[in-house]
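Geometric and topological summary
Chain by chain, the residues run as shown.
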Amino acid sequence: MRLGVLTSGGDAPGMNAAIRAVVRQADALGHEVWGIHRGYQGLLEGDMAPMPSRACANILQRGGTVLHTARCAEFHQTEQRALAAAKLKAAGIEALVVIGGDGSFRAAEALQREHGVACAGIPGTIDNDLPGTERTLGFDTALNTAVEAIDRIRDTASSHGRLFLVEVMGRSSGMLAVHTALACGAEAVLYPESPEDSYENLVSQLNANWLRGKRSSIVVVAEGDTVGRAVAVGERLKLDHSLDLRVVVLGHVQRGGSPTAIDRIWGSRWGCEVVRRLDRGERGFYVGEVAGALVAQPLARILEPQPAPPGDLGRLVSVLAR
Ligand code: ADP
């Protein structure tokens, strides 16, 4: 069997571990893998080439994706997806492994449902916002990067007795923000799924901390928060309370870097698992992790609502900030 593999959407550390595992497990089972460059954009352009085992040397520990990635607006059109199916057929590719996030899986789901392309998904996004899995590749690495950065900010915040607002990525999900806040002992966290997500609550939390004698505070702000982005919230606090605060937007720093051991291990396990399942004739699924176990579920599950962070985490942040 000839398999295609692509990475799509936002790059995430651990994608290379998954690519390597797909290629090498396929090789071990007597299958061939073609690498498709730049996600669905490259697929539409026929930008693909055979990917032998040796092409995966020394990529396990590298961030980003050696197949490159892209966003491809045309892929929302069914005629373009038909073209993609034709490209795969012409190249003799019988099944497509998609490594990406929510949008990439929705595209794979449509490609299989409409045009009969056998697809399998490996979760790769720093946002950790997919239904049916508690983990996605890149989340653990991005979390550790954000925590390390905030530990550094903490030193200067406490030296000056200053308030810092630190914005972390996550698109519409607060998963990365709330986990980062808990891991770095933030004084408050703003994230969209929080039941207490309001400007007024933030001000009263900061006031309470001040009255308890805290002279410096770190507030983690999810980029998708409904109160506003860190810069806007900072401006409002300055205007209303004349605070000497600083804003840091961590931005793309969180996407890069060498994947953690956890992301390498899950990239490797998931890459092997999808190939073994395709080898057994399974189609239209994506892999995940639930309660520590490797799971697989129908691709259509991606259409379910995005999971919210565990409800108690935001509350723990404020309890532990006392
Ligand atoms: P991620 O996979 O990280 O969530 P995006 O949401 O940007 O990233 O999706 C990656 C690509 O998948 C898009 O650029 C587009 O080509 C394709 N895509 C996303 N959503 C859909 C959809 N609903 N239907 C078809 N293709 C989609």
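Reference entry: report on the structure contained in this document. Predicted, not measured: the structure shown is a model, and the values here were computed from it.

Conventions adopted
- Residues numbered from 1 in each chain as written.
- Predicted model: local features only at pLDDT ≥ 70, side-chain atom pairs only at ≥ 80, totals over all residues.
- Heavy atoms only, no water.
- Axes fitted to C-alpha atoms, helices over the stretch in contact; angles between N-to-C directions.
- Helix = DSSP H or I, 4+ residues; strand = E, 2+ residues; numbered from the N terminus.
- Parallel < 35°, antiparallel > 145°, perpendicular 65-115°, else oblique.
- Left-handed = near helix turned anticlockwise from the far one by under 90°.
- Contact = heavy atoms within 4.5 Å.
- Nonpolar A, V, L, I, M, F, W, Y, C, P; charged D, E, K, R; others polar.
- 1 Å grid on protein atoms, 1.4 Å probe; cavity = no way out; pocket = protein on both sides within 12 Å on 5 of 7 lines; lining within 4 Å.
- Points joined across faces, edges and corners; volume = space filled by probe spheres on them.
- Near = heavy atom within 4 Å.
- Polar contact = N/O pair within 3.5 Å; in protein donor to acceptor, adjacent residues only side chain to side chain.
- Sits in = over half its atoms within 2 Å of the grid points.
- Buried < 20%, exposed > 50% of the residue type's maximum accessible area, 1.4 Å probe, protein only.
- Arc of directions from axis to C-beta.
- Right-handed = clockwise from strand over helix to strand, strands pointing away.
- Pairing = 2+ DSSP bridges.

As a further point, take the packing of helix H7 (residues 199-211) against helix H8 (residues 230-241). At a minimum axis distance of 12 Å, the contact between H7 and H8 shows a crossing angle of 60 degrees. Taken together, the axes of H7 and H8 lie oblique to each other. Between H7 and H8 the crossing geometry is right-handed. Facing H7, whose interface residues are Tyr199, Glu200, Leu202, Val203 and Leu206, H8 presents Val233, Arg236, Leu237, Asp240 and His241. The class makeup of the residues in the contact of H7 with H8 is six nonpolar, one polar and three charged.

Turning next to the layout of surface pockets. As a volume, the largest pocket reaches approximately 470 Å³. Grouping the amino acids of the lining of the largest pocket by side-chain chemistry returns seven nonpolar, nine polar and eight charged. Space inside the second largest pocket adds up to approximately 330 Å³. Around the second largest pocket, the lining comprises 16 residues; the ones closest to its centre are Leu163, Leu206, Asn207, Trp210 and Leu243. Residue assignment for the lining of the second largest pocket shows that the elements contributing at least two residues are H7 and H8. Here the lining of the second largest pocket gets five residues from one element, more than from any other, and that element is H7. Of the residues assigned to the lining of the second largest pocket, the class counts are six nonpolar, six polar and four charged.

Turning to the site of the ligand, a few remarks are in order. Residues in close proximity to the ligand total 16 residues, the closest being Arg71, Cys72, Gly103, Ser104 and Arg171. With respect to the ligand, the backbone of Gly10 contributes an N or O atom lying 3.4 Å from an oxygen atom. The backbone of Cys72 places a nitrogen or oxygen atom 2.6 Å from an oxygen atom of the ligand. The pocket occupied by the ligand, as judged from atoms lying within 2 Å of grid points, is the largest pocket. Split into classes, the residues belonging to the shell around the ligand amount to four nonpolar, seven polar and five charged.

This brings us to helix H10 (residues 312-320). Turning to H10, its buried residues number three or more, namely Leu313, Gly314 and Val317. Mapping the buried residues of H10 onto a view down its axis gives an arc of 105 degrees, with all of them on the same face. Here the buried face of H10 lies against helix H6 (175-183) and strand S7 (188-190).

Another point: the pairing of strand S1 (residues 2-7). Counting buried positions over the six residues of S1 gives five, a clear majority of the element. Of the crossover connections in this fold, the one passing from S1 over helix H1 (residues 15-28) to the parallel strand S2 (residues 32-36) is right-handed. Looking at chain direction, S1 and strand S4 (residues 95-100) are connected through five bridges and run parallel. For Val5, the partnering residue across the bridge sits in S4 and is Val97.

Function-wise, these values are silent; they only describe arrangement.
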